[in-house]
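The lines below spell out each chain.
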Amino acid sequence: MSVEDGKADVVPLRPQADEDGGAPARAPLRVMTLPERDRVGIVLVCRSRALAQATLDECVRLLPGADPAPVAAVGTKAEGVVAAARQVDQGVGVAVLCDLPETAATVLALLDQAEELALPFPIRFCDAPLIEGAVPAVATATAGGDLAAVAEAAEDAYRVRKTPPHHPPHLLGS
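Residues numbered from 1 in each chain as written. Predicted model: local features only at pLDDT ≥ 70, side-chain atom pairs only at ≥ 80, totals over all residues. Heavy atoms only, no water.

Peer 1: Hey, could you go over the overall build of the chain for me, with residue numbers and the actual values?
Peer 2: Assigned secondary structure in the chain consists of five helices and six strands. Residue pairs in contact within the chain that sit at least 24 positions apart in sequence constitute 79% of those at least 6 positions apart. Roughly 10,100 Å² of accessible area belongs to the chain as shown, and the carbon and sulfur atoms make up 57% of that amount. (Helix = DSSP H or I, 4+ residues; strand = E, 2+ residues; numbered from the N terminus. Contact = heavy atoms within 4.5 Å. Areas by Shrake-Rupley, 256 points an atom, 1.4 Å probe, with all protein chains shown as cover.)

Peer 1: Tell me what's going on with the sheet that holds strand β4 (residues 71-74), and back it up with residues and numbers.
Peer 2: As summarised here, the arrangement of the four strands in space is β4-β3-β5-β6, forming an open sheet in which the pairing is parallel. Each end of this open sheet is capped by a strand with a single partner; those strands are β4 and β6 (123-125). Across the sheet, the mean angle separating the axes of adjacent strands is 20° when strand polarity is ignored. Sheet topology note: the strand β3 (residues 41-45)/strand β5 (residues 94-98) ladder contains five bridges and is parallel. Counted as the bridge partner of Ile42 is Ala95 from β5. Contacts from helix α3 (residues 101-112) reach β3, β5 and β6 within the one sheet, and its direction differs from that of β6 by about 155°. Against the sheet, helix α4 (residues 130-142) engages β3, β4 and β5, with an angle of about 165° to β3. (Pairing = 2+ DSSP bridges. Axes fitted to C-alpha atoms, helices over the stretch in contact; angles between N-to-C directions.)

Peer 1: Break down the pairing of β4 for me, citing the residues and quoting the values.
Peer 2: With burial as the criterion, each face of β4 is covered, one bearing Val71 and Ala73 and the other bearing Ala72 and Val74. Chirality of the crossover, the property in question, places the unit of β3, helix α1 (residues 49-61) and β4 among those that are right-handed. (Buried < 20%, exposed > 50% of the residue type's maximum accessible area, 1.4 Å probe, protein only. Right-handed = clockwise from strand over helix to strand, strands pointing away.)

Structure (structure tokens):
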């Protein structure tokens, strides 16, 4: 779930064997719209790699019993972003979310060089808040949504209100 030396650790699609080498515990059956091996990959890019990792961990935690889509958490170094995109790619697309405008500029510059950098195709920048966008993006990718659905789920996070409509702002000291 991190990138070191150009290789990203990715949330595994299949559970690992247990400690004594036996078969892993079986998860309950569930219906997926796409085969599990053909899901959109997601890259979370953040100036704080620890925040990206914590976001990834929380997304996975919120999917109890689910076999999560491949997700990588990286810092802003170009090599790490490229390696992560390649690692999560399963041939149906990669969505990239980031934290700040400066990070977005870095990611967009990389996407402008997608062919030269041999980035996966299709790859899409999601103009979404990192944490609020990552949760629905990972859930949608895990459910088998296509790249457009994953991006829409992430970007829809801008429309989510934290207070009820027409709620007056809370002013301190009043």
